[in-house]
Each structure stands twice: as structure tokens, then as C-alpha cells.
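Fold and contact review
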Amino acid sequence: MTQRSSGETSDDGSSEEAPRGFSRRAFFAGAVSSAAAGAAAGVVATGLSGAAASGTGPAAVAAADEVYPFYGAHQAGIATPPQDHLVFMVFDVTTTSASELQVMLAKWSAAIAQYTQGLAVGSVEPDRAQAVPGDTGEAAGMGANQLTVTVGFAPSMFDGRFGWAKYKPAALKDLPAFASDALTPAFTGGDICVQACASDPQVAYHAIRNLARMARTTATTRWTVQGFGRASRGTGQTTPRNLMGFKDGTRNISSDDDFAQQVWVGADSDQSWMTGGSYLVARKIHMLIETWDSDGIGDQHAVFGRTKAEGAPLSGTGEFDTPDFAVKAADGTPVIPVNAHVALAAHENNNGTKILRRGYNFTDGIDSVGRLDAGLMFISYQKDPAQFSQLQSKLGANDRLNEYIRHVGSGVFAVPPGLSAAGDYFGKALFA
Ligand code: HEM
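Here's a quick rundown of the structure. Treat the numbers as computed from the prediction; the structure is a model and nothing was measured. (Residues numbered from 1 in each chain as written. Predicted model: local features only at pLDDT ≥ 70, side-chain atom pairs only at ≥ 80, totals over all residues. Heavy atoms only, no water.)

A short note on the pairing of strand 5 (residues 278-287)
Strand 5 sits mainly inside the fold: 10 of its 10 residues count as buried. Pairing of strand 5 with strand 9 (residues 405-415), which is carried by 10 bridges, proceeds in the antiparallel orientation. Its bridge partner lying in strand 9, Ile 285 is registered against His 407. One ladder, built from 9 bridges, connects strand 5 with strand 8 (residues 372-382); its direction is antiparallel. In the sheet register, Met 287 faces strand 8, and the bridge partner there is Ala 374. (Buried < 20%, exposed > 50% of the residue type's maximum accessible area, 1.4 Å probe, protein only. Helix = DSSP H or I, 4+ residues; strand = E, 2+ residues; numbered from the N terminus. Pairing = 2+ DSSP bridges.)

So, in C-alpha cells, the structure goes:
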């Protein structure tokens, strides 16, 4: 790789321009092995574009200008209150070279640090006519828009290709088959997931598109879902609705205790590199919208065990009333049916097991016979994927909701902790 003069860009979208407040030297100091650093130094540089200044606007911070910190103990995009839009992409790593993978992850990490600040990587409009723009440009001038980009590694990354086998956490294994699974290879598996969430869909898409572009000689896209509305409640948020019209996320995890007990991998992990991380389970769930839309409201209530308008448990009247699964109707049957979604999923009926749900509504338009093709991109975070499996074993077998949904896609990923500072990068500990 030849060194280029200042401002010159390569066709992979990198640039030699140095951005304000960002030191390439600091990023690479000790960040990657010397071979990888040499390769990366030739192709990774972050530069301001027309979009750059937009992340630091007037003092009043609107969603468009709001920046979530990238560096920290945990990756952003987990405890972060869900933004309105999602682009979820799973990649297959095509290189078998550990150092090429290392460079890719280092480039991604540096790029994500920029994108989440509302900055670009490389120039949108380089000076030289022959230079390919470093940044694709569609987010220029749009601001950070609360962008978070969260990265996770699938079990397949630890199969020995990159020398990672010794770092495989015991908890990271492919999910078991569940009753009523209807998984299709088109939306299942893959090596690395990237979850981009933002208050603007184009900003989220821009981040994923440019990461894919940077990875083009080392990884290919495998499957993706674009979510257009959050379907889960984060701390301090009102409860949104899923495409079945029900409030979703009412009893989601929000307390620090629950995050510590149920979401973050602790220091007792068998793999210290995962401490502060979490596990992401992705399930693309198709809804049989036409069938659901012809179902009576009484059955809809029984399916979830909650009312539609208020979102109250059938044992109470207010959304935040605690469900009481012991309350019986006059005929002696439980007011919340035993096969209602919340009865099967509630922590009271699962030995205290909880998960953080962070799902999004999606639509893929219409299917080949004109039916609405839409559903829930279910994403959950937990300190052990076994928490998800415990719940889904019950739901897959007995959930009254199963008549109206199909799980068509699936993936499980180890999400490492947050990066400490410039120079740190996803997977760094795994190249030791
Ligand atoms: C299309 C699929 C799904 C839909 C439409 C759906 C919808 C809902 C709704 C409306 C609620 C009640 C409000 C709330 O507390 O959030 C709920 C609760 C819940 N769901 Fe789902 N859900 C789906 C899939 C899943 C899956 C796959 C899991 C996990 C395996 C899951 C786990 C839970 C949990 C743990 C609760 C809280 C139960 C409680 O504590 O009361 N859901 N879901």
C-alpha cells in the first residue's frame, strides 16, 4: 500500500486528511500488531467532510444534533433508550487472514467513533477529480442523530479461522431449535452483526453502508433488516406499539440492578474479554398481519394477556399494574390465560429470568401473493443467551401468539464491552 499525500483518497473510501481533534497517531499507537498497523495506516484515516461540523451545532441539542458517547464501559445501543430507527446487518467474514480481520475491525472502530459524533470518514468531495470520495455523502449535514453502532461476534468467529477458538465463551453457542421455528437461511447465521440505531433512518443507513464499503475485501453482507419504529420501551421513554397495535416494552428491564444481574456479563465470566459485554439474540419475526387483523379484540387481549388500548394486564386496569397470574375469572380459569404471551414470558413464571428487549417494527413491503410482509425485528440483550432460550422454549411450544407469527430469522452474538479510548478496537483482546 503506497502512502498518499494529504487529502488524497483511495478507492476504498479512506483519506489521509486528519480530522480536528482526532489523532491518527494516537489511534494506532499500540492498537494493532505492527503488520496490521502498517496495513491499516495506509487505508484508515478519518477526515472531516461537509457533515463534520453538523454534529456540533447550536447549544440547544435537538435529536438531530444529539451525540451519544461512543467510548465507555459498555457499548452504546444496549442500555441506550431505543432510537426510532434501526439498520441491522450481519456480515460473513471472507478473509482467512487474522491480520486482515484485525485491520477491518480497527478501521470499523475508528469509523464508528467518527460517525457517532456526526463526523465522516474521508472527504465527501475530495480536491482531486480522480479521487473517489472517502465518504458516500448521504448523511452530510445531518448531524449525529443519536447514532449508536453496536458490534457482535457470532459463534462461527471462534471456529479456528482466526486463532480465536481459545477465547470462545462457554455461553456462546448456536441457539437450539425451538418448536414452531420457521427459520430461513436468508435471515439466519453469519459472523459479525452490526446494529445501527439513530433518530434518522438515513444516518443509520449511512453508517452501515460505509462500514460495508470499508469491509469489502474482507467481509460480505449476509442479511439485513431495516426497522422503522422502535417496539420497546427504554428508561424514561413512553411505551411504543408493535405492528399488532399493542404497547410493547411495558415491563422491560430498566433498573441498574436488572442490568447488572441480567444484561451485563460480569467479572465471573470464563472469558475476561467479555466482562462488561452482553449477548445479542436477533430473531426476525414475521407477523401474519391479515390473520391478526381479522381476529376479535377479546382473543387479541387473551393472546397477550393485556388490553390493547391501555396495555393493562387483564388482572388490572393500568398499564403499569403488576400482572397477577393467580386471579381467576368466575368460571375458575385464570384471567390472564396460562398460554398468554406475558404469562409464559414473565419473570415471575421463569425463576426470575429477564431479558432486555430492544426490538423494531419492520416491513419488507408485500410478499409474492400480495400479503403485507412485516413484523418484529426482535433483539434482546442478556448476560447469557440461555436466558432467551429458556423463554423461547416455552413461547415456541405454547404461546397463543404463535398462530399469528413466524420466526424466520435468527442469530446470536457475543457483544464485547465498550472501547476505552481511541486506539482500542472491537476484538483487540482476541488477537493477543
Ligand atoms: C412478534 C413477536 C412478539 C410480539 C408481538 C411481542 C409482544 C409483546 C407484548 C405486547 C408484551 C407485553 C408488554 C410488555 O411488557 O412489553 C410482551 C412482553 C414480553 N415479551 Fe414479547 N413479543 C414478541 C416476541 C417475544 C419473544 C421472542 C420473547 C422472548 C423469547 C419475548 C419476551 C417477552 C417478555 C420477557 C415480556 C415481558 C413479560 C412480562 O414480564 O410481563 N417476546 N411482548
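Continuing now.
Focus: the site of the ligand
Taken together, 27 residues form the shell around the ligand, and within it Gly 249, Thr 250, Arg 251, His 341 and Arg 357 come nearest. The separation between an oxygen atom of the ligand and a polar main-chain atom of Gly 249 is 2.6 Å. Between the ligand and Arg 357, the relevant distance is 2.8 Å, taken from an oxygen atom to a side-chain nitrogen or oxygen of the residue. Every element with two or more residues in the shell around the ligand is listed here: strand 5, helix 8 (341-345), strand 8, helix 9 (385-398) and strand 9. Counting residues per element, the shell around the ligand draws most heavily on helix 9, at 4 residues. Within the shell around the ligand, the residues separate by chemical class into 16 nonpolar, 6 polar and 5 charged. (Near = heavy atom within 4 Å. Polar contact = N/O pair within 3.5 Å; in protein donor to acceptor, adjacent residues only side chain to side chain. Nonpolar A, V, L, I, M, F, W, Y, C, P; charged D, E, K, R; others polar.)

A look at the environment of Arg 306
Among the secondary structure elements, Arg 306 is positioned in the loop between helix 7 (297-304) and helix 8. Overall, the relative accessible area of 8% leaves Arg 306 in the buried class. Separated by 60 residues in the primary sequence, Arg 306 and Phe 246 place their C-alpha atoms 8.4 Å from one another. Discounting chain neighbours no more than four positions away, the residues touching Arg 306 are Phe 246, Thr 250, Arg 251, His 301, Gly 311, Ala 312, Pro 313, Leu 314, Glu 319, Pro 323 and Val 342. Polar contacts involving the side chain of Arg 306 include one to the main-chain carbonyl oxygen of Gly 311, which spans 2.5 Å. (Contact = heavy atoms within 4.5 Å.)

This is a description of form; function is not addressed.
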